[in-house]
Amino acid sequence: MAEFGLVDTEGADAPGDEWEEIDVSDTEADRIARKRDRKFAQFRERITDADQFKLEESVFDEATYGALYKLVQDGYVDAFGGPLSTGKEANVYQALGGDGAATALTESGLDAAPDQPEVAVKVYRINTSNFRDMRDYLEGDPRFEGIGSDKGAVVKAWVRKEYSNLGRARDAGVRVPVPIAAERNVLIMEYIGAESGRAKRLTEVEVQNPETAFEVVREYMRRLYDAGLIHGDLSEFNLVVHEGELVVIDLGQAVTVHHPNAEDFLQRDCENVASFFRRQGVETSADDLRAFVVDDPSE
């Protein structure tokens, strides 16, 4: 790796302390699944017959297929590809985006967004997601007051939360995947990778300029904090290298600075990041990193 560049903040929004309300009521996907018209039934049959989805039939509920159908109908996805990653809580698939995805990427300011961009489709599993871990991050977040204990509502809230966090981070000048659309338990975002596969995590590459990489990461942490967010699970595993840039991923668990466990999450992030870069030869500590993150950059 050669150089890492920071995202230019010129013209970027300066988020304050306002928070949008998250709606977890039934979506169009739920209504599509209940109606089960002929076109939806045909779409569902094609999806379940596709090799990349065959193992998912037992864990995807009807409304998940409804969400995928709605996203296709809205022009966000033209064709589904193979899995990029699989996990207990979510699978991520590569897909060919439609006009809606191309428009979203262009409006985001992304350079040279193609007419049919590749996108990442993240499908959270309602049945097997770790409900308790999600609740720990949602409780205390002012955007999710009154969510209740319904598992489906919690997962839908989590998806809306990740979509919101990505947008807020991007507005603050942090390089993250561009959020494109969210429908029920499905999130569509910019695909970070190339034809050869997904972008490599920082732990998977040889960091030839660790000082510069560390400066970029700590600046992104500070920009997140200034925007009222703490990643909550930041480490070398959630930082990827893409076209000479460091990209912060997996912001689903990011919390507001008002969360009751915000300080603990920030301290853990600082310890993880400082530990990794110390192993790369950078002189730093979790305390020094935390002091940089919470300091007012105008001072």
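Treat the numbers as computed from the prediction; the structure is a model and nothing was measured.

## Structural notes on the sheet that holds strand E8 (residues 200-201)
Here comes step 1: Spatial ordering of the open sheet is given by E8-E10-E11, a layout of three strands whose pairing is antiparallel. The sheet terminates laterally at E8 and strand E11 (245-248), the two strands that pair on one side only.
Here comes step 2: As paired elements, strand E10 (residues 239-242) and E11 share four bridges and run antiparallel to each other. Each bridged residue has a counterpart across the sheet, and for Val241 the counterpart in E11 is Leu246.
Here comes step 3: Packed onto the sheet, helix H7 (residues 210-226) meets E10 and E11 and runs at close to 35 degrees relative to E11.

## A few points about the pattern of salt bridges
Here comes step 1: Within this structure, the stated rule accounts for eleven salt bridges.
Here comes step 2: Across the salt bridge formed by Glu204 and Arg201, the nearest N and O atoms sit 3.9 Å from each other.
Here comes step 3: Judged by its relative accessible area of 38%, Glu204 falls in the partly exposed class.
Here comes step 4: Accessibility expressed as a relative area gives 26% for Arg201, which makes it partly exposed.
Here comes step 5: Between Arg290 and Glu263 there is a salt bridge, with its nearest N and O atoms 2.2 Å apart. On the criterion of sequence distance, the pair formed by Arg290 in helix H9 (residues 286-294) and Glu263 in helix H8 (residues 262-279) is long-range, its members being 27 residues apart.
Here comes step 6: Here Glu263 falls in the partly exposed class, since its relative accessible area comes to 39%.
Here comes step 7: Each of Lys122, Glu162 and Asp250 takes part in one network of salt bridges that share partners.

## Some details on the packing of aromatic side chains
Here comes step 1: One pass over the structure, following the stated rule, counts two aromatic pairs.
Here comes step 2: One aromatic cluster is present, built from ring pairs that chain together Phe214, Phe276 and Phe277.
Here comes step 3: Its end group placed over the ring of Trp158, Lys161 keeps NZ or CZ at 4.9 Å from the ring centre.
Here comes step 4: Positioned above the aromatic ring of Phe292 is the side chain of Arg222, whose terminal nitrogen or guanidinium carbon lies 3.9 Å from the ring centre.

## Observations regarding unusual backbone geometry
Here comes step 1: For Glu243, which is not a glycine, the phi torsion comes out positive at approximately 50 degrees.
Here comes step 2: On the secondary structure map, Glu243 appears in the loop between E10 and E11.
Here comes step 3: A relative accessible area of 71% places Glu243 in the exposed class.
Here comes step 4: With phi around 55 degrees, Asp250 is a residue other than glycine that occupies positive phi space.
Here comes step 5: Checked against the element boundaries, Asp250 lands in the loop between E11 and strand E12 (255-256).
Here comes step 6: The exposure class assigned to Asp250 is partly exposed, which follows from its relative accessible area of 31%.

What counts, and at which threshold
- Residues numbered from 1 in each chain as written.
- Predicted model: local features only at pLDDT ≥ 70, side-chain atom pairs only at ≥ 80, totals over all residues.
- Heavy atoms only, no water.
- Pairing = 2+ DSSP bridges.
- Helix = DSSP H or I, 4+ residues; strand = E, 2+ residues; numbered from the N terminus.
- Contact = heavy atoms within 4.5 Å.
- Axes fitted to C-alpha atoms, helices over the stretch in contact; angles between N-to-C directions.
- Salt bridge = Lys/Arg side-chain N within 4 Å of Asp/Glu carboxyl O.
- Buried < 20%, exposed > 50% of the residue type's maximum accessible area, 1.4 Å probe, protein only.
- Phe/Tyr/Trp six-rings, centres within 6.5 Å; stacked < 30°, edge-to-face > 60°.
- Lys NZ or Arg CZ within 6 Å of the ring centre and 35° of its normal.

Taken by themselves, the reported measurements are silent on function.
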